[in-house]
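Chain by chain, the residues:
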Amino acid sequence: DYCRRESATYWSIPPERMRVLYNGVSLQQFNPDPIAAAQRRAAVGLTDEFVLLYVGRVCEQKGTDLLVEAYAKLRSEGRRIRLVVAGPIGQFGHEGSDAITLKLQEHDGIYLGPVDETILPSVYNMADVFVLPTRNNEMFGMAAIEAQACGRPVVCSNDGGLPEVVDRSSGLLFRTGDVDDLAHQLRLLMDDPALRKRFSLAAVIN
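Residues numbered from 1 in each chain as written. Predicted model: local features only at pLDDT ≥ 70, side-chain atom pairs only at ≥ 80, totals over all residues. Heavy atoms only, no water.

**Q** Teacher, can you tell me more about the packing of helix α3 (residues 64-76) against helix α8 (residues 179-190) here?
**A** Any two packed helices are characterised by the angle at which their axes cross and by the distance between the axes. Look at α3 against α8: their axes get within 9 Å of each other, and the N-to-C directions meet at 55 degrees. Classified by the angle between their axes, α3 and α8 sit oblique to one another. The interaxial crossing formed by α3 with α8 has right-handed handedness. Residue-level inspection shows Leu66, Leu67, Glu69, Ala70, Lys73 and Leu74 of α3 in contact with α8, the latter providing Val179, Asp180, Leu182, Ala183, Leu186, Arg187 and Met190. The residue makeup of the contact of α3 with α8, split by class, is 9 nonpolar, no polar and 4 charged. (Axes fitted to C-alpha atoms, helices over the stretch in contact; angles between N-to-C directions. Helix = DSSP H or I, 4+ residues; strand = E, 2+ residues; numbered from the N terminus. Parallel < 35°, antiparallel > 145°, perpendicular 65-115°, else oblique. Left-handed = near helix turned anticlockwise from the far one by under 90°. Contact = heavy atoms within 4.5 Å. Nonpolar A, V, L, I, M, F, W, Y, C, P; charged D, E, K, R; others polar.)

Here it is as structure tokens:
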């Protein structure tokens, strides 16, 4: 609906001439897989840490820097967590900067770079929580759908189309651009295994 509204405004299209066709994912490719999760964790050097995951372009528009800052806050509290980031650096049409990935590595995070489609499901599966912290212009949020299909709880910004694709029964929204609120929502999930399990089950059903 968000994409429909934005398109109608931009191109001056009468709303009655438009309808929404939601994107989907292959449930044969994206599904809960504990064995693949364990193998991928071992492959990237993870043990029993709580894993936060981001998949997408690494840039300020996508809020990757906000996530790294929230992660650093949580680690400063003595939490045994690791942030894994997968995706290319930079916005569409712009050269990227490695400042965000350098900051990530300063706090013992892991940058995988762009990930091949064949291993992407195992990357989602190795996470305890998937995070999509977009600042603006998030039309849909395909990565959030893929993560949910793999049974991962999602924490995302209350931006664009994300509230449509992250059901309140399977994830949490934070105030867009607010690092403290992002860290707060992540704490809620980290400290409540029962809530994570409930969100995981709902993510697959939804």
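What follows continues from the structure just given.
**Q** Got a minute to help me understand the state of the cysteines in this structure?
**A** The bond known as a disulfide is covalent and runs between the sulfur atoms of two cysteines. Inspection of every chain in the model, using the stated rule, returns 0 disulfides. Summary of cysteine pairing: Cys59 is not part of a disulfide, and the nearest cysteine sulfur, belonging to Cys156, is at 16 Å. (Disulfide = S-S within 2.5 Å.)

**Q** Where do I start with unusual backbone geometry in this structure?
**A** Glycine aside, residues mostly have negative phi, and peptide bonds are mostly found in the trans state. The phi angle at Ser12 is positive, at roughly 55 degrees, despite the residue not being glycine. Position of Ser12 among the secondary structure elements: in the loop between α1 (2-11) and α2 (34-44). Exposure remark for Ser12: the relative accessible area of 63% places this residue in the exposed category. (Buried < 20%, exposed > 50% of the residue type's maximum accessible area, 1.4 Å probe, protein only.)

**Q** Where do I start with the sheet that holds strand β1 (residues 50-55) in this structure?
**A** Strands in a sheet are paired, the pairing made by backbone hydrogen bonds, and the direction either parallel or antiparallel. The strand order across the open sheet built from 6 strands is β3-β2-β1-β4-β5-β6, with neighbouring strands paired in parallel fashion. Only two strands of the sheet have a single neighbouring strand rather than two, namely β3 (110-113) and β6 (171-174). Sheet twist, expressed as the average angle between the axes of neighbouring strands with direction ignored, equals 20 degrees. Summarising the sheet, strand β5 (residues 154-157) and β6 pair through 4 bridges and their orientation is parallel. (Pairing = 2+ DSSP bridges.)

**Q** I keep staring at the packing of aromatic side chains and nothing clicks. Help me out?
**A** This structure, assessed with the given rule, holds 4 aromatic pairs. Considering the side-chain rings of Phe30 and Tyr124, the 6.0 Å spacing of their centres and the 65 degrees angle between planes classify their relative orientation as edge-to-face. With Phe30 in the loop between α1 and α2 and Tyr124 in helix α5 (residues 120-125), the pair connects residues that are 94 residues apart, well separated along the chain. With respect to class, Phe30 is no different from Tyr124; both count as buried. On the basis of an interplanar angle of 65 degrees and a centroid distance of 5.6 Å, the ring pair of Tyr124 and Phe130 is categorised as edge-to-face. The pair Tyr124 / Phe130 is uniform in exposure class, with both members buried. What links up through ring pairs into an aromatic cluster is the set Phe30, Tyr124 and Phe130. (Phe/Tyr/Trp six-rings, centres within 6.5 Å; stacked < 30°, edge-to-face > 60°.)

**Q** Before we go on, may I ask you to explain the pairing of strand β4 (residues 129-132) in this structure?
**A** Regular strands place their side chains on alternate faces of the sheet. Where burial is concerned, the two faces of β4 agree: the one with Val129 and Val131 and the one with Phe130 and Leu132 are both buried. Bridge count between β1 and β4: 2 bridges; the pairing is parallel. Residue pairing across strands places Leu53 opposite Phe130, the latter belonging to β4. As paired elements, β4 and β5 share 3 bridges and run parallel to each other. Across the sheet, Leu132 pairs through a bridge with Cys156, a residue of β5. Between the parallel elements β4 and β5, the chain passes through helix α6 (residues 142-149) in a crossover that is right-handed. (Right-handed = clockwise from strand over helix to strand, strands pointing away.)

**Q** Sorry, what's going on with the side chain of Glu49 here?
**A** Along the chain, Glu49 turns up in the loop between α2 and β1. At a separation of 2.7 Å, a polar atom in the side chain of Glu49 contacts the main-chain amide nitrogen of Thr47. (Polar contact = N/O pair within 3.5 Å; in protein donor to acceptor, adjacent residues only side chain to side chain.)

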